[in-house]
Amino acid sequence: MPTIVPPVQIGPHTVRPPVVLAPMAGITNAPFRTLCREFSGGKGLFVSEMITTRALVERNEKTMQLIHFDATERPRSIQLYGVDPATVGKAVRMIAEEDLADHIDLNFGCPVPKVTRKGGGSALPYKRNLLRAILREAVSGAGDLPVTMKMRKGIDDDHMTYLDAGRIAVEEGVTAIALHGRTAAQHYGGTADWDAIARLKEHVPEIPVLGNGDIWSAEDAVRMVRETGCNGVVVGRGCLGRPWLFADLVAAFEGRTDDIARPSLREVADVMVRHATLLGEWIGNGGTARRATVEGGGGRRAGEVRGVIDFRKHVAWYLKGFAVGSEMRKRLAITSSLAELRAGLDELDLDQPWPTGADGPRGRTSGNNRVVLPDGWLKDPYDCAGVGEDAELDTSGG
């Protein structure tokens, strides 16, 4: 019988079905969220790029653009990264008081060195008291806004944190937890440990647990829910070049297991142009295009050019599995206008059907990395002396 996954309640928001777009730096901006939401029929939850709390409090221009939501986005979901409890509290109160979002997610999962070397992201839950202080500030400052968190299993196999972190989250009033079944040391390599997701669900039965890691298709998502008992899924790299995956996820979770998208290259090409167009319009309405105009570019044209340039990183993900020569792939990855992108795509054999085996891994896959941490970070899992505002990044990212 088809699996029908019940909705998840995150504060006042019913997420039906419980499918969530994971925050990805430089990817999950407003245009990409719009695209994924269009495919899902408006169902699910779509989270912003990771926002640094210090940059938000200081009203950094780039950050203020990143937290812009389309009028149709409901609920509006922001993910915050912070290390200093006081700064996190200020950022959360700013969001609540100025009605900047409807839901706040806290990032304790980012494994990149520029974040962990300051004690942030996936390094932070090792310091149990610091984690508790941040969660307490966030929940108290959020008022009626629900606060959730995303984390990894731990720093490495010898320093697991997810069970302790899950219990602290419940005690401090966090509404839901998403667990990526990898350690920080794994980055995005190896295989996600779905058993850890099952253990966390057993450990914190009071709140929803969402699973993350190695979901490349709707079938993977259904299998994760069945095998782990988690309440829903968070999808990151699986939707790179595959925004229609959210249509598949909605169909599968609603029991329509045969309603899975298998677009032809022609349909994929249309989505690529749509994505690049949305990026150009978004950039054209923001500070980036205004600066370009001052430098001698022309408003809309400057936005289009910068949008197509920003789109370049998506080209390989969209074309994965299709018979497209290396020279054409390179050419499409250096286009500078919508007309140039469309012309290049029109030269392809657009009647190609969806290729077999095209649903595999995309994006970063490196693993077994040394995690860069502050000096002496692992000496005491409770002492958090020396971590303060200077540990906050001054720009958004991660």
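Here the structure is a predicted model, which means the values were calculated and not measured.

Undergrad: Explain the pairing of strand β9 (residues 209-212) residue by residue, including any values.
TA: Neither face of β9 is left uncovered, since the one carrying Val209 and Gly211 and the one carrying Leu210 and Asn212 both have all their residues buried. Inspection of the sheet shows strand β8 (residues 177-180) paired to β9 by 4 bridges, in the parallel sense. In the strand pairing of β9, Leu179 is matched with Gly211. Each parallel crossover has a hand, and for β8 linked through helix α8 (residues 194-203) to β9 it is right-handed.

Undergrad: Could you give me a rundown of α8, with the residues and numbers involved?
TA: The set of residues buried in α8 consists of Trp194, Ala196, Ile197, Ala198, Leu200 and Lys201. In this structure, the buried side of α8 is in contact with β7 (147-152), α7 (162-171), β8, β9 and α9 (218-228). At the N-terminal boundary of α8, the capping side chain belongs to Asp193, with an oxygen 3.0 Å from the backbone nitrogen of Asp195.

Undergrad: So what's going on with the packing of aromatic side chains? Which residues, and what values?
TA: Within this structure, the stated rule accounts for 6 aromatic pairs. Taking the centre distance of 6.3 Å and the plane angle of 45° together, the rings of Trp244 and Tyr318 count as tilted. Highlighted residues: Trp244 in the loop between β10 (232-235) and α10 (245-253) and Tyr318 in helix α14 (residues 315-319), separated in sequence by 74 residues. Here Tyr318 falls in the buried class, since its relative accessible area comes to 0%. Ring plane angle 35° and centroid distance 5.8 Å describe the contact between Phe311 and Tyr318, whose orientation is recorded as tilted. Here Phe311 and Tyr318 have matching classes, each one buried.

Undergrad: Lay out the environment of Met50 with the relevant residues and their values.
TA: Its location among the elements puts Met50 in strand β4 (residues 45-52). Given the relative accessible area of 3%, Met50 is considered buried.

Undergrad: I'd like a description of unusual backbone geometry, backed by residues and values.
TA: Among all residues except glycine, the phi angle is most often negative; among peptide bonds, the trans geometry is most common. With an omega dihedral of -10°, the bond running from Arg16 to Pro17 counts as a cis peptide bond. Summarising the element assignment, Pro17 is placed in the loop between β2 (13-15) and β3 (19-21). In this model, Arg74 is joined to Pro75 through a cis peptide bond whose omega is -5°. Residue placement: Pro75 occurs in the loop between α3 (61-66) and β5 (77-81). Positive phi is not limited to glycine here, since His187 has a value of about 50°. Tracing the backbone through its elements, the reader meets His187 in the loop between β8 and α8. Positive phi, normally seen in glycine, also occurs at Asp214, with a value near 65°. One can find Asp214 in the loop between β9 and α9.

Undergrad: Tell me about the environment of Tyr126, and name the residues and values.
TA: Looking at where Tyr126 falls in the secondary structure, it is placed in the loop between α5 (113-116) and α6 (128-142). Considering only alpha carbons, one finds Tyr126 and Trp377, 251 residues apart in sequence, at a separation of 8.5 Å. Each residue touching Tyr126, except ones within four places of it in the same chain, is listed here: Ile155, His159, Thr161, Trp377, Leu378, Asp380 and Pro381. Separated by 2.9 Å, the side chain of Tyr126 and the backbone oxygen of Leu378 make a polar contact.

Undergrad: Can you tell me about the packing of helix α1 (residues 30-40) against α10, naming the residues and giving the values?
TA: For the pair α1 and α10, the least separation of the axes is 7 Å and the interaxial angle reads 35°. Along this stretch, α1 crosses α10, giving a crossing that reads as right-handed. Each of Cys36, Phe39 and Ser40 in α1 lies in contact with α10, whose residues at this interface are Phe246, Ala247 and Val250. Among the residues forming the contact of α1 with α10, the class breakdown is 5 nonpolar, 1 polar and no charged.

Parameters and conventions
- Residues numbered from 1 in each chain as written.
- Predicted model: local features only at pLDDT ≥ 70, side-chain atom pairs only at ≥ 80, totals over all residues.
- Heavy atoms only, no water.
- Buried < 20%, exposed > 50% of the residue type's maximum accessible area, 1.4 Å probe, protein only.
- Helix = DSSP H or I, 4+ residues; strand = E, 2+ residues; numbered from the N terminus.
- Pairing = 2+ DSSP bridges.
- Right-handed = clockwise from strand over helix to strand, strands pointing away.
- Contact = heavy atoms within 4.5 Å.
- Polar contact = N/O pair within 3.5 Å; in protein donor to acceptor, adjacent residues only side chain to side chain.
- Phe/Tyr/Trp six-rings, centres within 6.5 Å; stacked < 30°, edge-to-face > 60°.
- Axes fitted to C-alpha atoms, helices over the stretch in contact; angles between N-to-C directions.
- Left-handed = near helix turned anticlockwise from the far one by under 90°.
- Nonpolar A, V, L, I, M, F, W, Y, C, P; charged D, E, K, R; others polar.

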